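Single-letter residue listing:
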Amino acid sequence: MIISSTHDYRLAAKRRLPPFLFHYIDGGAYDEHTLARNVADLRDLALRQRVLKEVGEVDLSARLFGEAVSLPVALAPVGLTGMFARRGEVQAARAAASRGVPFTLSSVSVCPIEEVQPAMTRPMWFQLYVLRDRGFMKNALERAWAAGVRTLVFTVDMPVPGARYRDRHSGMSGPFAAWRRMLQAVTHPRWAWDVGLRGRPHDLGNVSAYLGHRIHLEDYIGWLGENFDPSIGWRDLEWIREYWQGAMVLKGILDPEDAREAGRFGADGIVVSNHGGRQLDGVLSSARALPAIADAVQGDLTILADSGVRSGLDVVRLLALGADGVLLGRAFVYALAAAGEQGVAHVLDLIASEMRVAMTLTGAQAVGEVSRESLVRV
Ligand code: HOC
């Protein structure tokens, strides 16, 4: 199969993975309206083609939270990444480091912090959920700091898990799920041997080290419900601040008032995100939410955005709407599932070359020159 875009990697991942895993990463919450809007709203933004602008060599470099990055992109925290390829977090982290962009380790990863850290030639970022067990959170923050992490991505849009109907159809969860997954593994022997058996994906590295939990996929939503804290409030940020001296980035902001509040409570940055359409179906797409948020915080906070990004053109669109950087989630996981570390590195190369073309043809020589003027106003 010839692979020339993230769409091709999606199809390759669909072939490689047992259906329960493909649909887990591909799907969203409820009827998946927001999942679809994320992609469609970005695609519908017309880039403003300009010509004869003497652009020459395009400079994609940027700085995010004091770190130099070779393009304004980071790999998003994706729970269970190690289910998509053997010790998947390590492979993705290596690919990110080789391309000069940050890798964000999810707190519900398969590989623990200590396993990923030696694979990095630059500091990784670490993502944390609010668990009821504050001891777990404190322990995770200490381990992350000891591993050289200085940027914390604190996910605030999952006080309760959104229902994923697709997971019940695919066998990820629901009736007879364990049997259905076993059958699917039998028909996908390459995945079953390489990842299912040799990859030990049932240990949640960071969580097991403290809580001793293994994942029972058929009820992972129940597990999230039991362990995540629905009573999280702004005051909890003060608690985090006591234990965290590095940059703090709040992920899951969709409203300008929440963005301003994040600044008031000491955040250094935010991620404009609806969790890839996996939480509350029916909310605004990131592309629609971003401009008002960028206007509201006006340079006080670093703004990252995700949800729906499938190409370098989408990265340029989000930069044009006011983001300083963009997180890639599904786009890298499809490639990881299809081709491991090399696939992720290839996706980052694709994103960079698509950005170069988009910037040249919208007349931007550097990332800082991409602005709302890079889009056609309709
Ligand atoms: C058992 C843990 O953010 C998602 C993730 C949460 C994954 C937790 C699974 O699925 O959106």
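Keep in mind the model is a prediction, meaning the values are calculated, not measured. (Residues numbered from 1 in each chain as written. Predicted model: local features only at pLDDT ≥ 70, side-chain atom pairs only at ≥ 80, totals over all residues. Heavy atoms only, no water.)

Peer 1: Help me understand the sheet that holds strand S5 (residues 125–128) in this model?
Peer 2: Adjacent strands of a sheet pair through backbone hydrogen bonds, lying either parallel or antiparallel. Reading across the sheet, the eight strands line up as S3-S10-S9-S8-S7-S6-S5-S4 and stay open at both edges, with parallel pairing between neighbours. Among the strands making up the open sheet, the edge pair consists of strand S3 (73–75) and strand S4 (104–105). For strand S6 (residues 151–155) and strand S7 (residues 247–253), the ladder comprises five bridges, and the chain directions are parallel. Its bridge partner lying in S7, Phe154 is registered against Leu250. (Pairing = 2+ DSSP bridges. Helix = DSSP H or I, 4+ residues; strand = E, 2+ residues; numbered from the N terminus.)

Peer 1: Is there a simple way to explain unusual backbone geometry in this structure?
Peer 2: Negative phi is the rule for most residues except glycine; trans is the rule for most peptide bonds. Within the chain, Phe176 stands out as a residue other than glycine whose phi angle is a positive 55 degrees. Relative to the assigned elements, Phe176 resides in the loop between helix H7 (165–170) and helix H8 (177–186). Using a relative accessible area of 65% as the deciding quantity, one classes Phe176 as exposed. Within the chain, Ser307 stands out as a residue other than glycine whose phi angle is a positive 90 degrees. For Ser307, the location among the structural elements is in the loop between strand S9 (302–305) and helix H15 (312–321). (Buried < 20%, exposed > 50% of the residue type's maximum accessible area, 1.4 Å probe, protein only.)

Peer 1: Just to check I follow, could you spell out the UniProt feature "binding site: substrate" (unreviewed entry) in the protein for this structure?
Peer 2: Annotation from UniProt places "binding site: substrate" (unreviewed entry) at Tyr24, Tyr129, Arg164 and Arg278. You can see Arg164 is positioned in the loop between S6 and H7. Excluding residues that lie within four positions of it along the chain, Arg164 makes contacts with Tyr24, Gly28, Ala29, Met158, Tyr220, Ile221, Arg278 and Gln279. Accessibility expressed as a relative area gives 9% for Arg278, which makes it buried. Among all residues touching Arg278, those that are not within four sequence positions of it are Tyr24, Ile25, Gly27, Gly28, Ala29, Gly162, Arg164 and Arg330. For Arg278, the side chain forms a polar contact with the main-chain oxygen of Ile25, separated by 3.5 Å. (UniProt positions renumbered as here; feature names shortened; annotations may be inferred. Contact = heavy atoms within 4.5 Å. Polar contact = N/O pair within 3.5 Å; in protein donor to acceptor, adjacent residues only side chain to side chain.)

Peer 1: Sorry, what's going on with the side chain of Asn38 here?
Peer 2: Along the chain, the position of Asn38 falls in helix H3 (residues 33–43). At 2.8 Å, the side chain of Asn38 and the side chain of Asn274 are in polar contact. In this view, Asn38 contacts Asn274, Gly276, Gly277, Ser285, Ser286, Ser307 and Gly308; residues no more than four positions away in its chain are not counted.

Peer 1: Just to check I follow, could you spell out the pairing of S5 for this structure?
Peer 2: Consecutive side chains of a regular strand alternate in pointing toward one face of the sheet and then the other. Here S5 shows no split at all, with Trp125 and Gln127 on one side and Phe126 and Leu128 on the other all buried. Relative to S6, S5 is paired through four bridges, and the arrangement is parallel. Counterpart to Phe126 in the pairing with S6 is Leu152. Taking the sense of rotation as the criterion, the β-α-β connection linking S5, helix H6 (residues 134–146) and S6 turns out right-handed. (Right-handed = clockwise from strand over helix to strand, strands pointing away.)

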